[in-house]
Amino acid sequence: MVQILYSHHTDTREFVHRRLSTDRYDKACEIIDQYPWAQEMALFDEQGEDGGFEFLLGERNGRHAHYQFIPIEERKGLLQLSVLARTGLFKVLGRRALTRDFHLVCADTAKGHLQDLFEHSIDFLYEKHRPFKR
């Protein structure tokens, strides 16, 4: 189950936060596609606050894979992945964690990366994105 958290402004300019859990990749795509991109870009220029997306597989304080997608332009944003595959002894020894920046990507590219959350495990994502593979 993937938790989806996203924020945006309503038609009345109220800033709202939404949260849902789903195991359906198409639901995540639907949320990105229905996001009020143009309105958010205009309100960011005017008010200086912006919405965004988070997609979490696992538990934030435990093993997890987490994508953050921050809108920068219409249907484009900064995408970052963080994975904690193993906490390790004393949260240091044997720890398996990584952060990967994809930089500015279009919404369709972000959706392609997000598909892994729905089809694969945290360990798979760690192995796929870890640096210095043997």
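Scroll up to find the structure.
Residues numbered from 1 in each chain as written. Predicted model: local features only at pLDDT ≥ 70, side-chain atom pairs only at ≥ 80, totals over all residues. Heavy atoms only, no water.

Draft legend 1. Inspection of the packing of helix H1 (residues 25–34) against helix H3 (residues 107–119) at higher detail. Orientation of H1 relative to H3, taken along the N-to-C sense of each, is 155 degrees, at an axis distance of 9 Å. Compared by their axis directions, H1 and H3 come out roughly antiparallel. Read as a crossing pair, H1 and H3 show a hand that is right-handed. Facing H1, whose interface residues are Tyr25, Ala28, Cys29, Ile32 and Asp33, H3 presents Ala107, Lys111, Gly112, Leu114, Gln115 and Phe118. Residue composition of the contact of H1 with H3, grouped by class: seven nonpolar, two polar and two charged. (Axes fitted to C-alpha atoms, helices over the stretch in contact; angles between N-to-C directions. Helix = DSSP H or I, 4+ residues; strand = E, 2+ residues; numbered from the N terminus. Parallel < 35°, antiparallel > 145°, perpendicular 65-115°, else oblique. Left-handed = near helix turned anticlockwise from the far one by under 90°. Contact = heavy atoms within 4.5 Å. Nonpolar A, V, L, I, M, F, W, Y, C, P; charged D, E, K, R; others polar.)

Draft legend 2. Expanded view of the layout of surface pockets. In this structure, the largest pocket occupies an estimated 180 Å³ of space. The wall of the largest pocket is formed by 14 residues, among which Leu5, Tyr6, Ser7, Gly52 and Glu54 lie closest to the centre. Broken down by secondary-structure element, the contributors of at least two residues to the lining of the largest pocket are strand S1 (2–9), strand S2 (15–22), strand S3 (52–58) and strand S4 (64–73). Split by residue class, the lining of the largest pocket holds five nonpolar, five polar and four charged. (1 Å grid on protein atoms, 1.4 Å probe; cavity = no way out; pocket = protein on both sides within 12 Å on 5 of 7 lines; lining within 4 Å. Points joined across faces, edges and corners; volume = space filled by probe spheres on them.)

Draft legend 3. Looking closely at a nonpolar patch on the surface. Taken together, Ile70, Ile72, Leu78 and Leu104 make up a surface patch of nonpolar side chains, about 310 Å² in accessible area. Within the secondary structure layout, Ile70 lies in strand S4. On the accessibility criterion, Ile70 (32% relative accessible area) is partly exposed. (Patch = residues over 30% accessible without salt bridge, like charges linked within 9 Å, V, L, I, M, F, W, Y side chains within 5 Å. Areas by Shrake-Rupley, 256 points an atom, 1.4 Å probe, with all protein chains shown as cover. Salt bridge = Lys/Arg side-chain N within 4 Å of Asp/Glu carboxyl O. Buried < 20%, exposed > 50% of the residue type's maximum accessible area, 1.4 Å probe, protein only.)

Draft legend 4. Looking closely at the pairing of S2. Bridge count between S1 and S2: eight bridges; the pairing is antiparallel. Along S2, the bridge assignment pairs Ser7 with His17. Following S1, the chain reverses through five residues before pairing antiparallel with S2; Arg13 in that reversal takes a positive phi of roughly 70 degrees. (Pairing = 2+ DSSP bridges.)

Draft legend 5. Seen up close, H3. Spanning 13 residues, H3 covers 19 Å between terminal C-alpha atoms, matching the ideal 18 Å at 1.5 Å per step. Of all the positions in H3, only Ala107, Ala110, Lys111, His113, Leu114, Asp116, Leu117 and Phe118 are classed as buried. (Expected span 1.5 Å × (residues − 1).)

Draft legend 6. Layout of the packing of aromatic side chains. For the coordinates displayed, the defined rule picks out nine aromatic pairs. Taking the centre distance of 6.5 Å and the plane angle of 25 degrees together, the rings of Tyr6 and Phe53 count as stacked. Of this pair, Tyr6 sits in strand S1 while Phe53 sits in strand S3, and the two are 47 residues apart along the sequence. A relative accessible area of 1% means that Phe53 is categorised as buried. One aromatic cluster is present, formed by Tyr6, Tyr35, Trp37, Phe53, Phe55 and Phe69 through successive ring pairs. (Phe/Tyr/Trp six-rings, centres within 6.5 Å; stacked < 30°, edge-to-face > 60°.)

Draft legend 7. Local environment of the pattern of salt bridges. Throughout the structure, instances matching the rule amount to 12 salt bridges. Between Glu54 and Arg60 there is a salt bridge, with the nearest N and O atoms lying 3.1 Å from each other. Take Glu54: its relative accessible area is 22%, and that puts it in the partly exposed class. The partner of Glu73 in a salt bridge is Lys76, and the shortest N-O contact between them spans 3.9 Å.

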